[in-house]
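Residues per chain are reported as follows:
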Amino acid sequence: MPLQKPWRDLDRDAVSSAPDRPGVYEFGDSAGTVQAVDHGVLRDELKTALAYGDAARVRWTETHTLEQARELAAEHRERLE
């Protein structure tokens, strides 16, 4: 089950609007197909992804802790398989 958030283009605006907090994020292609699910400090992760051209689109949800983000990402990946 994908995150219930709208896709955003992975660009500088998305990175600057991402919170500097832990969370789960999905990368997608230009058609909106989920390519990857991961977790971390959102702004840092998106900054790296933008620099390496890892995806065309992104969506995320915040969590309170990195541990909570790790658990949520693992559950999310299981549902996508």
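Going by the annotation in an unreviewed UniProt entry, the name recorded for the protein chain is DUF7508 domain-containing protein, with Haloterrigena gelatinilytica given as the source organism.

*Asks:* What's the story with the packing of aromatic side chains in this structure? I'm lost.
*Replies:* By the definition in use, this model includes one aromatic pair. Taking the centre distance of 4.9 Å and the plane angle of 50° together, the rings of Tyr25 and Phe27 count as tilted. Phe27 carries the same exposure label as Tyr25, and that label is buried.

*Asks:* Looking at this structure, how should I read a negative patch on the surface?
*Replies:* On the surface, Glu71, Glu75, Glu78 and Glu81 cluster together into a patch of negative charge. By relative accessible area, which is 43% here, Glu71 ends up partly exposed.

*Asks:* Mind showing me how you'd approach the sheet that holds strand β2 (residues 22-28) here?
*Replies:* In sheet architecture, strand pairing relies on hydrogen bonds along the backbone and comes in two forms, parallel and antiparallel. The four strands lie next to each other as β1-β4-β2-β3, forming an open sheet whose pairing is antiparallel. The sheet is open, and its two borders are formed by β1 (8-9) and β3 (34-41), each paired with just one other strand. Where β2 lies against strand β4 (residues 57-62), six bridges are found, and the strand directions are antiparallel. Note that in β4 the partner of Val24 across the bridge is Thr61. Contacting β2, β3 and β4, helix α3 (residues 66-80) runs over the sheet at an angle of about 170° to β3.

*Asks:* Hey, could you run me through the environment of Leu3 in this one?
*Replies:* Along the chain, the position of Leu3 falls in the segment before β1. We classify Leu3 as buried; its relative accessible area is 11%. Separated by ten residues in sequence, Leu3 and Asp13 place their C-alpha atoms 20 Å apart. Contacts of Leu3, omitting those with residues within four sequence positions, involve Val24, Tyr25, Glu26, Arg59, Trp60, Thr61 and His76.

Rules used throughout
Residues numbered from 1 in each chain as written. Predicted model: local features only at pLDDT ≥ 70, side-chain atom pairs only at ≥ 80, totals over all residues. Heavy atoms only, no water. Phe/Tyr/Trp six-rings, centres within 6.5 Å; stacked < 30°, edge-to-face > 60°. Buried < 20%, exposed > 50% of the residue type's maximum accessible area, 1.4 Å probe, protein only. Patch = residues over 30% accessible without salt bridge, like charges linked within 9 Å, V, L, I, M, F, W, Y side chains within 5 Å. Areas by Shrake-Rupley, 256 points an atom, 1.4 Å probe, with all protein chains shown as cover. Salt bridge = Lys/Arg side-chain N within 4 Å of Asp/Glu carboxyl O. Lys, Arg positive; Asp, Glu negative; His and termini not counted. Charge placed at Lys NZ, Arg CZ, Asp CG, Glu CD. Pairing = 2+ DSSP bridges. Helix = DSSP H or I, 4+ residues; strand = E, 2+ residues; numbered from the N terminus. Contact = heavy atoms within 4.5 Å. Axes fitted to C-alpha atoms, helices over the stretch in contact; angles between N-to-C directions.

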